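# Examining the three-dimensional arrangement
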Amino acid sequence: MPERARPGDSVRAAPPAGPQLGDWNLLRSFIAVYEAGTLTEAARRLATTQPSVGRHVRELERALGEALFVRQPGRLKPTERAHALYDVVSAMKASAREAERLFAGARHALVGTVRVTASEVYATHVVAPLVACMLSEQPGLEIELSVSNQAENLLRREADIAVRFFRPEQDGLITMHVGDTELGLYAHESLLRRYGEPEGFDIPDAAFVAGFDREVTPLAPMVRGEPPSRPLRFRLRTDSMLARHAAVEAGMGIGAYLVDVAAAKPCLRRVLAERFGQKQEVWLCAHDELRRSASMRYVWSRLEQTLRARLAPASARPGPRAPAALDP
């Protein structure tokens with residue numbers, strides 16, 4: 001007579017009736033054999049061994065209490081029970097593939113926020129259009145674009161990545177020289193038609209020069225040869241480079257441009273190239289977190305590729321392909 005359970009004794013639940021599948025690999029092997037028709041081909045598809053697949057099928061048959069395949073010459077023929085089982089479990093294969101895609105996506109997807117700082121001009125003409133591409137490619141990525149002509153302190157985490165026109169002196173930063181540009185004077189072609197191209201710095205007041213307001217930028221390092229006989233008169237004074245550019249592009253005066261920015265504006269012409277110009281190095285900078293952040297490395301890589309292509313000498317840029325020669 002079975003002993004009664006006493007108060008306080010733990011009571012184990014009785015196992016449910018019917019076969020138990022504690023190993024999903026049994027069903028995985030069954031699906032492969034059902035679809036392949038042989039143990040050898042099923043093992044090849046699963047990247048395992050034939051004995052392993054055969055053992056899985058036999059264990060599954062013991063759990064179910066009946067055969068799933070009938071051996072025929074060169075092939076294992078599924079039984080009616082195998083057909084019924086396959087109809088139920090074949091969805092597992094599709095689910096497993098979907099899970100693989102999700103895991104693969106999680107490995108390659110980038111999430112998080114990257115703060116990029118650049119000057120007013122480069123933030124507008126270079127970084128912002130590239131940010132639009134990066135955000136469309138990486139839906140989990142967020143980018144903060146700090147537009148400033150002042151050098152933000154990367155070590156204090158005021159920004160993650162900076163585009164700068166000088167190499168930082170701070171230790172502990174990752175820096176990369178990505179190319180060179182130049183600062184030059186430009187005028188709209190409509191202004192040149194009205195006043196002619198200037199031969200020196202004695203520019204008519206009507207063709208005013210757009211210059212800085214509160215900021216003071218020394219012009220002497222930019223002047224080549226004989227300096228101006230009198231200080232340049234800035235009839236439009238603003239510290240916004242974009243505002244100065246807007247005035248120049250409206251045909252109102254002469255102003256300074258980076259040559260790679262001016263190259264994208266076909267109505268501008270460089271003036272006084274022999275008298276005025278200054279080389280500008282372009283650097284990418286980041287703090288050491290770049291080595292550990294996949295999102296930062298992605299943004300850095302895209303900036304590097306874009307800037308190198310933009311600043312490459314004209315002779316190094318890929319040109320149009322020559323037409324292929326026709327066979328005689």
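Residues numbered from 1 in each chain as written. Predicted model: local features only at pLDDT ≥ 70, side-chain atom pairs only at ≥ 80, totals over all residues. Heavy atoms only, no water.

### So, the overall build of the chain
- Helix and strand counts for the chain stand at ten helices and eleven strands.
- A separation of at least 24 residues holds for 75% of the contacts in the chain among residues at least 6 apart in sequence. (Helix = DSSP H or I, 4+ residues; strand = E, 2+ residues; numbered from the N terminus. Contact = heavy atoms within 4.5 Å.)

### Things to note about the packing of helix α6 (residues 120-137) against helix α10 (residues 294-311)
- The contact between α6 and α10 brings their axes to 11 Å, and the two run at 135°. Classified by the angle their axes make, α6 and α10 are oblique. Where α6 crosses over α10, the handedness of that crossing is right-handed. Judged by residue contacts, Y122, H125, V126, V127, L130, C133, M134 and E137 of α6 engage Y298, V299, R302, L303, T306, L307, R310 and L311 from α10.
- The residue makeup of the contact of α6 with α10, split by class, is eleven nonpolar, two polar and three charged. (Axes fitted to C-alpha atoms, helices over the stretch in contact; angles between N-to-C directions. Parallel < 35°, antiparallel > 145°, perpendicular 65-115°, else oblique. Left-handed = near helix turned anticlockwise from the far one by under 90°. Nonpolar A, V, L, I, M, F, W, Y, C, P; charged D, E, K, R; others polar.)

### Considerations on α10
- When the terminal C-alpha atoms of α10 are compared, their 26 Å separation across 18 residues agrees well with the 26 Å that a helix rising 1.5 Å per residue should span.
- Listing the buried residues of α10 in full gives S295, M296, Y298, V299, W300, R302, L303, L307 and L311. (Expected span 1.5 Å × (residues − 1). Buried < 20%, exposed > 50% of the residue type's maximum accessible area, 1.4 Å probe, protein only.)

### Remarks on the packing of aromatic side chains
- Tallied over the full model, the rule gives five aromatic pairs.
- Seen from their ring centres, Y122 and F165 are 5.1 Å apart, and the 70° between their planes marks the pair as edge-to-face. You can see Y122 sitting in helix α6 and its partner F165 sitting in the loop between β5 (161-164) and β6 (173-188), a full 43 residues away along the chain.
- A residue is classified by how much of its surface remains accessible, and F165, at 22% relative accessible area, is partly exposed.
- When the ring of Y186 is compared with that of Y257, the centres are 5.7 Å apart and the planes differ by 70°; the resulting orientation is edge-to-face. Highlighted residues: Y186 in strand β6 and Y257 in strand β9 (residues 254-258), separated in sequence by 71 residues.
- A relative accessible area of 8% means that Y186 is categorised as buried.
- On the accessibility criterion, Y257 (0% relative accessible area) is buried.
- Here the aromatic cluster, defined as three or more aromatic residues joined through ring pairs, consists of F30, Y34, F69 and Y86.
- The lysine or arginine in question, R310, covers the ring of Y122, its NZ or CZ lying 5.7 Å from the ring centre. (Phe/Tyr/Trp six-rings, centres within 6.5 Å; stacked < 30°, edge-to-face > 60°. Lys NZ or Arg CZ within 6 Å of the ring centre and 35° of its normal.)

### As for the environment of K279
- Note that K279 resides in strand β11 (residues 278-287).
- Relative accessible area serves as the criterion here: at 53%, K279 is assigned to the exposed category.
- Taking the C-alpha atoms as reference points, K279 and L258, 21 residues apart in sequence, are found 9.4 Å from one another.
- In contact with K279, other than residues within four places in its own chain, are D180, T181 and E182.

### Here's the deal with the packing of helix α2 (residues 39-46) against helix α3 (residues 50-64)
- With their axes 8 Å apart at the nearest point, α2 and α3 run at an angle of 105° to one another. Here α2 lies roughly perpendicular to α3, going by the angle between them. Together, L39, T40, A42, A43 and L46 of α2 and Q50, V53 and G54 of α3 make up the contact between the two elements.
- The residue makeup of the contact of α2 with α3, split by class, is five nonpolar, three polar and no charged.

### Overview of the pairing of β9
- The buried fraction of β9 amounts to four of the five residues, a majority that puts the element mostly inside the structure.
- Direction of pairing for β6 relative to β9: antiparallel, over a ladder of five bridges. Residue Y186 lies in a different strand from β9, and its bridge partner there is G255. (Pairing = 2+ DSSP bridges.)

### Here we look at unusual backbone geometry
- Despite not being glycine, A47 has its phi angle at roughly 55°, a positive value.
- Along the chain, the position of A47 falls in the loop between α2 and α3.
- Backbone geometry at L272 places phi at a positive 55°, although glycine is not the residue there.
- Within the element layout of this structure, L272 appears in the loop between β10 (268-271) and β11.

### Examining the pairing of β5
- Burial of the side chains of β5 extends over both faces: I161 and V163 are buried on one face and A162 and R164 on the other.
- Of the strand pairs in this sheet, strand β3 (residues 112-118) and β5 are connected by two bridges, and their pairing is parallel. Bridge assignment links V116 to a residue of β5, and that residue is I161.
- Sheet topology places β5 next to β11; four bridges connect them, and they run antiparallel. Bridging from a neighbouring strand, A162 pairs with C285 of β11.

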